Amino acid sequence: MKAEQHDTILVLDFGGQYSQLIARRVREQHVYSQIVPYTITAKEIKALAPKGLILSGGPSSVSAAESPRPDARIFDLGIPILGICYGLQIMAIMKGGEVERPLQKEYGFAHLTTLKKDSRLLQGIAPQSKVWMSHGDTVTSLPSYFSRVGATENCHYAVVEYPEKNWYGTQFHPEVAHTVEGNTIIANFVLDICQAQADWSMESFIELQIAEIRRIVGKKQVLCGLSGGVDSSVVAALIYKAIGDQLVCVFVNNGLLRKGEADLVLEVFRDNFNIRLQYADAQQQFLSQLKGVSDPEEKRKIIGRVFIEVFEQEARSVGKIDFLAQGTLYPDVIESMSPSGGPSVTIKSHHNVGGLPEDLRFTLLEPLRELFKDEVRLLGKELGLPDEIVFRHPFPGPGLGVRCVGEVTAERLDTLREVDAIFIDEIRKAGLYGDIWQALACLLPVKSVGVRGDERIYEEVCSLRAVTSEDAMTADWFPFPPEILQRTSTRICNEVGGVSRVLYDITSKPPGTIEWE
Ligand code: XMP
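Below is a short write-up of the structure. What you see is a predicted model, and the numbers here were worked out from it, not measured in a lab. (Residues numbered from 1 in each chain as written. Predicted model: local features only at pLDDT ≥ 70, side-chain atom pairs only at ≥ 80, totals over all residues. Heavy atoms only, no water.)

1. Side note on the packing of helix H1 (residues 19-28) against helix H4 (residues 182-193)
At step 1: Running from N to C, H1 and H4 cross one another at 70 degrees; their axes reach a closest spacing of 10 Å. Taken together, H1 and H4 sit at an angle that is classed as roughly perpendicular. Between H1 and H4, the contacting residues are Arg25, Val26 and Glu28 on the first element and Asn183, Ile186 and Val190 on the second.
At step 2: Of the residues belonging to the contact of H1 with H4, the class tally is three nonpolar, one polar and two charged. (Axes fitted to C-alpha atoms, helices over the stretch in contact; angles between N-to-C directions. Helix = DSSP H or I, 4+ residues; strand = E, 2+ residues; numbered from the N terminus. Parallel < 35°, antiparallel > 145°, perpendicular 65-115°, else oblique. Contact = heavy atoms within 4.5 Å. Nonpolar A, V, L, I, M, F, W, Y, C, P; charged D, E, K, R; others polar.)

2. Some details on the pattern of salt bridges
At step 1: A complete count under the given rule lists 30 salt bridges for this structure.
At step 2: The salt bridge involving arginine 101 is made with aspartate 137; its shortest N-O contact spans 2.8 Å. With arginine 101 in the loop between strand S5 (98-100) and strand S6 (106-114) and aspartate 137 in the loop between strand S7 (128-135) and strand S8 (138-141), the pair connects residues that are 36 residues apart, well separated along the chain.
At step 3: Residue classification places arginine 101 among the partly exposed positions, given a relative accessible area of 47%.
At step 4: Close ionic contact of aspartate 425 with arginine 491 constitutes a salt bridge, the shortest N to O distance being 2.8 Å. Of this pair, aspartate 425 sits in helix H13 (residues 410-429) while arginine 491 sits in helix H14 (residues 482-495), placing them 66 residues apart in sequence.
At step 5: When its relative accessible area of 26% is taken as the criterion, aspartate 425 is described as partly exposed. (Salt bridge = Lys/Arg side-chain N within 4 Å of Asp/Glu carboxyl O. Buried < 20%, exposed > 50% of the residue type's maximum accessible area, 1.4 Å probe, protein only.)

3. Looking at H13
At step 1: In this model, H13 (20 residues) spans 28 Å end to end at C-alpha, consistent with the 28 Å of a helix rising 1.5 Å per residue.
At step 2: Regarding H13, the residues found buried are Arg412, Leu413, Thr415, Leu416, Arg417, Val419, Asp420, Ile422, Phe423, Ile424, Glu426 and Ile427.
At step 3: Close packing links the buried residues of H13 with helix H8 (283-290), strand S17 (438-452), strand S18 (455-468), H14 and strand S20 (499-504). (Expected span 1.5 Å × (residues − 1).)

4. Quick look at the sheet that holds strand S13 (residues 247-253)
At step 1: The strand order S14-S13-S12-S15-S16 describes an open sheet built from five strands, whose pairing is parallel. The strands lining the two open edges of the sheet, one partner per strand, are strand S14 (276-281) and strand S16 (363-365). Strand after strand, the sheet turns through a mean of 25 degrees between neighbouring axes, direction not considered.
At step 2: As defined by bridge partners, S13 adjoins S14 across six bridges and the pair is classed as parallel. If you follow valine 250 over to S14, its bridge partner there is glutamine 278.
At step 3: Its contacts with the sheet put helix H5 (residues 202-217) on strand S12 (222-226), strand S15 (323-325) and S16, and the angle it makes with S16 is roughly 165 degrees. (Pairing = 2+ DSSP bridges.)

5. What to know about a negative patch on the surface
At step 1: Together, Asp263, Glu267, Asp271 and Glu388 give the surface a local cluster of negative charge.
At step 2: No other element matches the three residues that helix H7 (residues 261-272) contributes to the negative patch.
At step 3: Position of aspartate 263 relative to the elements: it lies in helix H7. (Patch = residues over 30% accessible without salt bridge, like charges linked within 9 Å, V, L, I, M, F, W, Y side chains within 5 Å. Areas by Shrake-Rupley, 256 points an atom, 1.4 Å probe, with all protein chains shown as cover. Lys, Arg positive; Asp, Glu negative; His and termini not counted. Charge placed at Lys NZ, Arg CZ, Asp CG, Glu CD.)

6. A word on the packing of H8 against helix H9 (residues 296-318)
At step 1: For the pair H8 and H9, the least separation of the axes is 10 Å and the interaxial angle reads 145 degrees. H8 and H9 meet at a crossing whose hand is right-handed. Residues Gln285, Phe286, Gln289 and Leu290 of H8 form the contact with H9, whose own contacting residues are Lys299, Ile302, Ile303, Arg305, Val306, Phe307, Glu309 and Val310.
At step 2: Classifying every residue of the contact of H8 with H9 gives seven nonpolar, two polar and three charged. (Left-handed = near helix turned anticlockwise from the far one by under 90°.)

7. Considering the side chain of serine 469
At step 1: Among the secondary structure elements, serine 469 is positioned in the loop between S18 and strand S19 (476-477).
At step 2: Within the structure, the side chain of serine 469 is placed 2.8 Å from the backbone nitrogen of alanine 472, a separation counted as a polar contact.
At step 3: A distance of 2.7 Å separates a polar atom in the side chain of serine 469 from the backbone oxygen of threonine 474.
At step 4: Not counting chain neighbours up to four residues away, the residues in contact with serine 469 comprise Trp437, Thr474 and Ala475. (Polar contact = N/O pair within 3.5 Å; in protein donor to acceptor, adjacent residues only side chain to side chain.)

8. With respect to the side chain of serine 33
At step 1: Turning to its location among the elements, serine 33 is positioned in strand S2 (residues 32-37).
At step 2: Among the polar contacts made by the side chain of serine 33, one reaches the main-chain carbonyl oxygen of isoleucine 9 at a distance of 3.3 Å.
At step 3: Among residues more than four places away in sequence, those in contact with serine 33 are Ile9, Val11, Ala23, Val26 and Glu370.

9. Here's the deal with unusual backbone geometry
At step 1: Note that the residue after lysine 509, namely proline 510, is joined by a cis bond; omega there is -15 degrees.
At step 2: When you line up the elements, proline 510 lands in the segment after S20.
At step 3: Here the residue pair proline 510 and proline 511 is connected by a cis peptide bond, since its omega of 10 degrees sits within 30 degrees of zero.
At step 4: Looking at the element boundaries, proline 511 is found in the segment after S20.

10. Focus: the sheet that holds strand S9 (residues 147-151)
At step 1: Strand order in this open sheet of nine strands is S2-S1-S3-S4-S11-S10-S9-S6-S7, and the pairing throughout is mixed. Every other strand in the sheet has two partners, leaving S2 and S7 as the edge strands with one partner each. On average, adjacent strands in this sheet sit at an angle of 25 degrees to one another, irrespective of strand direction.
At step 2: Of the pairings in the sheet, the one linking strand S4 (residues 81-84) to strand S11 (residues 167-170) comprises four bridges and is parallel in character. In the strand pairing of S11, leucine 82 is matched with tyrosine 168.
At step 3: Packed on one face of the sheet, H1 meets strand S1 (8-13), S2, strand S3 (52-55) and S4 and runs near 160 degrees to S2.

Any link to function would need more than the numbers given here.
As structure tokens, this is what we get:
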């Protein structure tokens, strides 16, 4: 991605888990930011003409023999530099300072005391400010001409500067939300020290991505698997805007979708956007393969395998395809490799459409891989997608398959779809949909006795779950006003056959996961 007409801040990635977050914070200042591997040469940087460089954090120790170092000539470019954590330490070492590993590593909150009132990096920061530390090594001796302008209880050189060169460094992480005034520090660096123009927006992102997609794809065809979720929808809308009918979308109805979901996808993409869309109604195929299977892992495997089979069949019917578009977001990318090819340690692995056969290998097109979920939503709005898709709760790939606890049958799926639809409807009516990370219903393979009219019934139990969360890694159950649960329960019992009892799940994550299976 290039940004000729916009000022750019380059983030040199040393493999830190927050590198993308730094870029995002810069974008929040309406300045374009690009992440590049730390191995980029000074010459390459010069060609990109950035207004500033940020050296990211990273898992290495600067004292290790193989520790990653930037091109030493970046310090001769006359471009402002901000080193964060490892970035500060490597700058200190390369300029003649010293770094040591104290006995005690430091993780968590610290109180930053500003030692110099007129430091440009710390303008507007309270004399005492809460910051977030996460480091083993620490600078113990500053290079010549550097001075310290901020300190914490355990960190003598928490903020340092060499203002004549516009070189700055922080031992803490200004990019994480825990650093209360972190955005001000980033803004001071980007807007004041680097003098970058704040003219970047989602619109500019779209323009650049369109140009880039056209350049990469040329006259070839792109295939995109649409799930109806926000990520794949935004990817499809963006690529369609770039290359129109060279994009073919495949939507697989696995029979494990929510009520009305397939119709919504067809209406939005085929009817409104006019995108070439292959609709594969594979409900029976999935159901027959799932027959008699109750084990959750086994169900997931079957659903994954059948999806690949159906997708493959659809892909072959389209003809020559060179690219596969995926709605991979930044959090999905924190994988074995850092996004810019830097040396990131493995945090988690994630697979979207893995498992395609050798002869169906496509080049991946992942235009959202620098973005976070809320940025993708913003992008979706800008592209004209309806709120129903843009602000949709996350929904797992295996869909209702993992919410139909026990065996998946057409009848149980229909029951679950009705229960789920009522729950979501009541949440929307109460205006709470946006306050909840994810709301779902599960059908349990447990029967209980009840009475309906004058009749004794013996039917299954459903469990409702709604959670708040930042990133799905941890979650807490949502405290509904009782009348909403009451109304939902009454409606489910009255309107849905096959359910005798309604439970509300009050398990946090951990120990419970968000899904039941
Ligand atoms: P858990 O249940 O692990 O879920 O707390 C965390 C988040 O991931 C979603 N999830 C999945 N998404 N395939 C997916 O694409 C899956 O197999 C899967 N399992 C869970 C879940 O809905 C929640 O948002």
